[in-house]
Amino acid sequence: MGVFDKTICDCCVGPMQCVLEQLMGKEIIFNTFGGSLCFPIMEVKNFIVSGEVFGGQKATIPICNITTIRSLEDEQFTVNLKPIQKNIKGECVCCENPITNFTNSLPRGEEVLIRLFDQTVEGTIGDVGQGLVIVEEENQNVAVSSCVISFILTN
């Protein structure tokens, strides 16, 4: 797990980079603010993930624009998340900390519907770490960036 200075990248981007590093070589569906791409991860460096999409074009995504990553159907991924830490200043205090603490308070296996800006993730809470919530959705794992959660519905 990487170590990051205390910056805006602490709460969501750094933890997502750590997860992507663990998924090197695996084909992942990336949802971003601008759309979706699917490719095997070839490189994760300097807050950028890249790989090759169908047709041989190189895809490069700034990690700060990733809202969720998904495994391919029936190909679950297992990753270690960065432990939850209490931030003391910056955007992480008002945005990421509260929603991470809330999702962490939910029992593992709790049914949730998480709405992001442009998508919905519906399943059960699998794990929660710094800046990320893992939701088990049907036959996929979905890593959701905490900073882009619009709302959560629970029973």
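The structure under discussion appears in the preceding block.
Values in this document were obtained by computation on a predicted structure and should not be read as measured data. (Residues numbered from 1 in each chain as written. Predicted model: local features only at pLDDT ≥ 70, side-chain atom pairs only at ≥ 80, totals over all residues. Heavy atoms only, no water.)

A. Looking closely at the side chain of Thr-100. With respect to the helices and strands, Thr-100 occurs in helix 2 (residues 91-105). For Thr-100, a relative accessible area of 1% puts it in the buried group. Each residue touching Thr-100, except ones within four places of it in the same chain, is listed here: Ile-84, Val-128, Gly-129, Gly-131 and Ser-146. (Helix = DSSP H or I, 4+ residues; strand = E, 2+ residues; numbered from the N terminus. Buried < 20%, exposed > 50% of the residue type's maximum accessible area, 1.4 Å probe, protein only. Contact = heavy atoms within 4.5 Å.)

B. Structural context of the pattern of salt bridges. Counting across every chain of the model gives 2 salt bridges. Linking Arg-70 and Glu-137 is a salt bridge whose minimum nitrogen-to-oxygen distance equals 2.3 Å. Placement of the pair is Arg-70 in strand 5 (residues 66-71) and Glu-137 in strand 8 (residues 132-137), with a sequence separation of 67 residues. One exposure class covers both Arg-70 and Glu-137, and it is buried. (Salt bridge = Lys/Arg side-chain N within 4 Å of Asp/Glu carboxyl O.)

C. Expanded view of the side chain of Thr-68. By secondary structure assignment, the location of Thr-68 is in strand 5. Of note is the side chain of Thr-68, whose polar atom sits 3.2 Å from the side chain of Gln-119. If we ignore the near neighbours within four places in the chain, the residues touching Thr-68 are Ile-29, Phe-30, Asn-31, Leu-116, Gln-119, Val-121, Val-142, Ala-143 and Val-144. (Polar contact = N/O pair within 3.5 Å; in protein donor to acceptor, adjacent residues only side chain to side chain.)

D. Quick peek at a negative patch on the surface. Together, Glu-27, Glu-73, Asp-74, Glu-75, Glu-111, Glu-122 and Glu-138 make up a negatively charged patch on the protein surface. The topology assignment puts Glu-111 in strand 6 (residues 111-116). (Patch = residues over 30% accessible without salt bridge, like charges linked within 9 Å, V, L, I, M, F, W, Y side chains within 5 Å. Areas by Shrake-Rupley, 256 points an atom, 1.4 Å probe, with all protein chains shown as cover. Lys, Arg positive; Asp, Glu negative; His and termini not counted. Charge placed at Lys NZ, Arg CZ, Asp CG, Glu CD.)

E. Molecular detail of the environment of Cys-64. Secondary-structure assignment places Cys-64 in the loop between strand 4 (58-62) and strand 5. Spatially, the C-alpha atom of Cys-64 lies 21 Å from that of Asp-127, the residues being 63 residues apart in sequence. If we ignore the near neighbours within four places in the chain, the residues touching Cys-64 are Val-13 and Phe-33.

F. Geometry of the sheet that holds strand 8. The antiparallel open sheet is built from 10 strands, whose spatial order is 4-3-2-1-5-9-8-7-6-10. Two strands close off the open sheet at either side, each with one partner strand: strand 4 and strand 10 (149-154). Between one strand and the next, the sheet's axes are offset by a mean angle of 40°, whatever the strand orientation. Across 4 bridges, strand 2 (residues 35-45) lies against strand 3 (residues 48-52) in antiparallel orientation. Along strand 3, the bridge assignment pairs Ile-41 with Gly-51. (Pairing = 2+ DSSP bridges. Axes fitted to C-alpha atoms, helices over the stretch in contact; angles between N-to-C directions.)

G. Focus on the environment of Cys-38. Inspection of the secondary structure puts Cys-38 in strand 2. Judged by its relative accessible area of 30%, Cys-38 falls in the partly exposed class. The spatial distance from the C-alpha of Cys-38 to the C-alpha of Thr-100 is 27 Å, given a sequence separation of 62 residues. When sequence neighbours within four positions are dropped, the list of residues in contact with Cys-38 reads Glu-27, Ile-28, Ile-29, Val-53 and Leu-72.

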